[in-house]
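# Per-entry structural report
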Amino acid sequence: MSTYLLIHGAFHGGWVWQRVTPLLEDAGHRVLAPSLVGLGDRAHLLTADVGLDTHVRDLIDLVTSEDLTDVVLVGHSYAAIVVTALADALPDRIAELVYIDTFVPNDGEAVADIMPGMVDAFVAAAAAHGDGWRVPPQTEPMGDGGLYGVTEEPDLSWVAAMQTPQSLKTFQQPMELTNPQALALIPVSHVYCSEGGAAFKAMRTAMPRTLPPTDLPPDRLLVLPTGHDCMITMPRELAAHLLALAPRSAAAP
């Protein structure tokens with residue numbers, strides 16, 4: 001049995017994994033899919049002081065209190081920076097890092113450094129509609145007619161309704177690594193969502209680094225022909241990839 005810790009992206013919550021979780025559990029694995037502080041079912045905890053460090057500390061507490069080991073740690077979108085910092089803090093407990101349709105942050109970077117145009121838009125939205133710190137989620141379909149690559153009903157309305165605001169600080173606070181050498185020893189794989197419409201493709205093009213990374217061996221990259229929220233649109237394919245990592249992670253020292 002492996003333990004999967006699934007961390008959602010910006011404005012989402014643990015709810016986004018509800019189609020993947022039973023597929024992993026049915027295969028005999030333990031799955032935790034918490035909502036980050038201030039998001040999803042924990043939206044009532046949102047304040048201007050909730051930052052990247054809040055999310056990381058909360059997950060450190062979860063991993064240690066549950067005594068999780070041999071963890072397949074999965075981060076979607078914004079959560080890339082969260083899971084990287086978590087793995088850096090607890091490298092001996094992480095067997096595998098999985099990045100879903102997202103970047104790998106470097107030491108000292110914030111999301112604002114990696115996606116400056118997007119965070120500039122968040123700053124403007126928070127100033128206009130969120131008292132200067134609360135970033136409202138995108139709830140209206142974008143130019144491709146969807147949200148995060150979700151285009152079909154009832155899923156489109158579900159995603160729009162379930163999203164919650166996020167603190168601007170989470171996008172502006174830099175990640176500071178303390179165990180980069182240990183972090184570098186953790187096996188890494190990527191899931192790349194190749195579709196999703198013009199809006200997401202333009203956003204990827206504007207990023208200062210390539211998605212997916214160009215130096216990955218074939219068995220470390222899964223390309224899914226769907227949009228950003230692949231856990232909603234292609235849950236079985238995503239779960240199959242995660243399950244394929246379980247034997248490798250269970251054998252890790």
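The coordinates are above.
Here the structure is a predicted model, which is why all the values come from computation and not from measurement.

### Let's talk about the sheet that holds strand β3 (residues 71-76)
- Pairing within the open sheet is parallel, and its 6 strands lie in the order β2-β1-β3-β4-β7-β8. Strands at the two margins of the open sheet, each flanked by one partner only, are β2 (30-32) and β8 (221-224). The sheet shows a mean angle of 15° between the axes of neighbouring strands, direction not considered.
- Relative to strand β4 (residues 94-100), β3 runs parallel, the two being bridged by 6 bridges. Each bridged residue has a counterpart across the sheet, and for Gly 75 the counterpart in β4 is Tyr 99.
- Helix-sheet contacts for helix α3 (residues 79-89) involve β1 (3-7), β3 and β4, and the interaxial angle to β3 is about 150°.

### So, the packing of aromatic side chains
- Enumeration according to the criterion identifies 5 aromatic pairs in this entry.
- Measuring from centroid to centroid gives 5.6 Å for Tyr 78 and Phe 171, while their planes differ by 65°, and the two rings are edge-to-face. Of this pair, Tyr 78 sits in the loop between β3 and α3 while Phe 171 sits in helix α7 (residues 169-172), placing them 93 residues apart in sequence. Taken individually, Tyr 78 and Phe 171 each receive the classification buried, so the pair is uniform in this respect.
- Geometrically, the ring pair formed by Phe 122 and Phe 171 is tilted, given 4.7 Å between the ring centres and 50° between the ring planes.

### Thoughts on the nonpolar core
- Counting residues in hydrophobic clusters, the biggest one holds 71 residues, and the most contacted among them are Leu 73, Leu 238 and Leu 242.
- When residues in this core are grouped by element, the largest group, 8 residues, is from α3.
- Excluding anything up to four places from it in sequence, Leu 238 contacts Trp 17, Val 20, Ile 100, Val 191, Leu 224, Cys 230 and Met 231.

### Details of helix α5 (residues 116-129)
- In this model α5 runs 20 Å from its N-terminal to its C-terminal C-alpha over 14 residues, within 8% of the 20 Å that 1.5 Å per residue would give.
- For α5, the complete set of buried residues consists of Val 119, Phe 122 and Ala 126. Along the long axis of α5, the arc covered by the buried residues comes to 45°, so they all point the same way. For α5, the exposed residues set more than 90 degrees away from the buried face come down to Gly 117, Asp 120, Ala 127 and Ala 128.
- Packing partners of the buried residues in α5 comprise α4 (111-114), β5 (134-135) and α7.
- Asp 131 sits one or two positions beyond α5 and adopts a positive phi of about 55°.

### A word on the pattern of salt bridges
- Counting across every chain of the model gives 7 salt bridges.
- Here Glu 96 and Arg 220 are joined by a salt bridge, their closest N and O atoms 2.3 Å apart. Separated by 124 residues along the polypeptide, Glu 96 in strand β4 and Arg 220 in the loop between α9 (198-206) and β8 bring together distant segments of the chain. Each member of the pair, Glu 96 together with Arg 220, is buried.

What counts and how
Residues numbered from 1 in each chain as written. Predicted model: local features only at pLDDT ≥ 70, side-chain atom pairs only at ≥ 80, totals over all residues. Heavy atoms only, no water. Pairing = 2+ DSSP bridges. Helix = DSSP H or I, 4+ residues; strand = E, 2+ residues; numbered from the N terminus. Axes fitted to C-alpha atoms, helices over the stretch in contact; angles between N-to-C directions. Contact = heavy atoms within 4.5 Å. Phe/Tyr/Trp six-rings, centres within 6.5 Å; stacked < 30°, edge-to-face > 60°. Buried < 20%, exposed > 50% of the residue type's maximum accessible area, 1.4 Å probe, protein only. Core = buried A, V, L, I, M, F, W, Y, C linked by side-chain atoms within 4.5 Å. Expected span 1.5 Å × (residues − 1). Arc of directions from axis to C-beta. Salt bridge = Lys/Arg side-chain N within 4 Å of Asp/Glu carboxyl O.

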